Amino acid sequence: MSFHQAIPRTGSLVVYKSRPARVLAAAEKIEIEIEGGQTKRVRPKDVLSLHPGPVASLAELRPPEVNPQEAWELLEGVETDLKELAELLYGEHSPGAAWGAWERLNEGLWFEGTLEALRPRAVELIERDRAEREAKAKAEQAWAAMLERLREGRIEPEDREALGEVERLANLQGEHSRILKALGFEETPISAYRLLVSVGYWPPTHNPYPARVGASPANPELPIPSLAATVERPGEPERLDLTHLPAFAIDDEGNQDPDDAISLDGDRVWVHVADVAALVEPDAELDREARSRGANLYLPEGIIHMLPVAITEQLGLGLQSRSPALSFGLRLDAQGEISEIEIQPSLVQVQRLSYAEADRRLGEAPLAELAQIAERYRQRRLASGAVEIDLPEVSVRLREGEVLIRPIERTGSRSMVTELMLMAGEAAARYCQARELPIPFATQPTPERIEQPASMAAMYAYRRLFKPSRTVVGEPGRHFGLGLDAYSRVTSPLRRYADLLVHQQLRQHLRGSEPLSAEQVSQRAGEADQGGIIVRRAERQSNLHWKLVHLKQRPQWKGEGVVVELQERKALVLIPELALETRIRAKQGLALDQAVPLALAEVDLAQAECQFRLLG
């Protein structure tokens, strides 16, 4: 029998696309019937003849299940054809037996070759392929079972590894998900987020944003040098003992990384800053790690530090009985201008106060005198064009699963500390400028128009005119918002790499060592800026996320918003108690700065959106 006859005859059995077909008519094109009763016209080369027939119906082709091992054993070392294989397997050469034999040959496990010349496969090949096929079948069963569980909204521990692909897509670290596609969902981060939450892979309030922006997930774990060893460095200046001066580190309650404090010595203001550069030298492993991160990451869930926590424990002001500091001593003249600058490594004895505690003591010395000096400096800045924009700010914290949102009040002590830190920043900038010491200066271009907004809507509109602050190395430029012609950030070296970089330059100068070049400073500041962008994005998106969680847990929320912008058919409203912007449908008669009652309508964590409706 020839299996490749040119034109199969009517009623014969052929293979078409690996499935059985019955020949209805044969000419230049062959008319065949396939499973399901459909007919097709195909070319002779598109089919493979199996049996001359006649085949009355394809339903006849149901050969019984057989174990091919006996036929395989009988054919060991022998080459044969499909007809003999059918007879060995089924005891006959019927159309059904021919189809069954072809399926055994086509599956490629026990036999190999062609219809005219087939042979049994080697036992080691059979065992290998059987194991692979069993594993594949098991994997397919597990896959199907997992998909069924996901449709039911549940998972088993063994599903978590496979769901990693969905998590990568949800975290913007992948573009496709076989699981989402199989479930009929869009392959998008939003769909991935919804699935992971719905099946319990992520908790309902999971914050994906640090991972999405690529923020470091944990504190660095690096060895730190001994502070005692720093005194042995060549040219290391002796620390000025300022422990006799009352020094106060004033910060939010619960602050974990106090890196600045203030003292008054006669008419001299001292701003003490944690002496981080004493331990973190340029290009050391600690320095490179902090530079890559750019800044501490402050999340409602907690802090992820740019430096090992042990450095904060050792250098945070007031965390030890005596603290090493880099102290900035300055005097103001009657016009609020800085008239004298001194920078010294020091030892200080620091008392920690919350802003609330400091406010209660603002009438006492030395805080009363420090507040007066700070106000004189503030008035000078305002006269130089500084802008004060007082839009609502809140602190967002997660404590034992509860989202705590508290307003940040512009209290007297907070304003005082702000001004004294700005004084230190201006002093450092002027000190370095006079000595041609390259540091990153902070600048801000002047906006298109200059105003002194008073209302919330005016402040909101004016802030949008502000251009981002920029870092320059070389000659300082004006910082419009602060009203300063020279300014550098220096008071948070535990928290920000740019501040640490200034400290490193000052430390090198005070030792008489060669500082970094302007090019080196610029390169390092640029690297840190990239890390800082990631940190700020993670903080902004995480704060919004937890605000939305707070609202979702309070579906009956009602509150008040202030109209800060009117748009066509919509109004932009700022909710002060949440420091949250939202758009609402604008009714006729709404005015800027109008307070409007609101009720929560909907929260969508996956979309990072919420909707409010006007009451009344």
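Just so you know, these numbers come straight off a predicted model, no measurement behind them.

Remarks on the pairing of strand 9 (residues 247-251)
Within a regular strand, the side chains alternate between the two sheet faces.
Line of reasoning, step 1. In terms of burial, strand 9 is largely enclosed, as five of its five residues are buried.
Line of reasoning, step 2. The two faces of strand 9 match: Ala247, Ala249 and Asp251 on one face and Phe248 and Ile250 on the other face are all buried.
Line of reasoning, step 3. The pairing of strand 9 with strand 16 (residues 350-354) spans five bridges and is parallel. The partner of Ala249 across the bridge, within strand 16, is Arg352.

Focus: the packing of aromatic side chains
Line of reasoning, step 1. A complete count under the given rule lists six aromatic pairs for this structure.
Line of reasoning, step 2. These aromatic residues form a ring-pair network of at least three members: Tyr462, Phe466 and Phe480.
Line of reasoning, step 3. Over the aromatic face of Tyr201 sits the side chain of Arg160, whose NZ or CZ is 4.3 Å from the ring centroid.
Line of reasoning, step 4. The ring of Tyr355 has Arg414 lying over it, and the distance from NZ or CZ to the ring centre is 4.1 Å.

A closer look at the side chain of Ser492
Line of reasoning, step 1. Note on placement: Ser492 falls in the loop between strand 20 (470-473) and helix 15 (497-511).
Line of reasoning, step 2. Judged by its relative accessible area of 8%, Ser492 falls in the buried class.
Line of reasoning, step 3. Contacts of Ser492, omitting those with residues within four sequence positions, involve Asp259 and Asp499.

Some words on the nonpolar core
In a soluble, globular protein the nonpolar side chains are often hidden away together inside.
Line of reasoning, step 1. Judged by nonpolar contacts, the single largest core of 45 residues is most densely connected at Leu150, Ile179, Leu551, Leu598 and Phe612.
Line of reasoning, step 2. In this view, Ile179 contacts Trp143, Met146, Leu147, Leu150, Ala162, Leu163, Glu165, Val166 and Leu195; residues no more than four positions away in its chain are not counted.
Line of reasoning, step 3. Judged by nonpolar contacts, the second largest core, of 44 residues, contains Phe328, Ile338, Leu367 and Met423.

Some thoughts on the packing of helix 2 (residues 82-90) against helix 3 (residues 95-107)
Line of reasoning, step 1. As a packed pair, helix 2 and helix 3 sit with axes 8 Å apart at the nearest point and diverge in direction by 100°. The orientation of helix 2 relative to helix 3 falls into the category roughly perpendicular. Mapping the contact onto sequence places Leu82, Leu85, Ala86, Leu89 and Tyr90 in helix 2 and Ala97, Ala98, Gly100, Ala101, Trp102 and Arg104 in helix 3.
Line of reasoning, step 2. For the contact of helix 2 with helix 3, the per-class residue count stands at nine nonpolar, one polar and one charged.

Parameters and conventions
Residues numbered from 1 in each chain as written. Predicted model: local features only at pLDDT ≥ 70, side-chain atom pairs only at ≥ 80, totals over all residues. Heavy atoms only, no water. Buried < 20%, exposed > 50% of the residue type's maximum accessible area, 1.4 Å probe, protein only. Helix = DSSP H or I, 4+ residues; strand = E, 2+ residues; numbered from the N terminus. Pairing = 2+ DSSP bridges. Phe/Tyr/Trp six-rings, centres within 6.5 Å; stacked < 30°, edge-to-face > 60°. Lys NZ or Arg CZ within 6 Å of the ring centre and 35° of its normal. Contact = heavy atoms within 4.5 Å. Core = buried A, V, L, I, M, F, W, Y, C linked by side-chain atoms within 4.5 Å. Axes fitted to C-alpha atoms, helices over the stretch in contact; angles between N-to-C directions. Parallel < 35°, antiparallel > 145°, perpendicular 65-115°, else oblique. Nonpolar A, V, L, I, M, F, W, Y, C, P; charged D, E, K, R; others polar.

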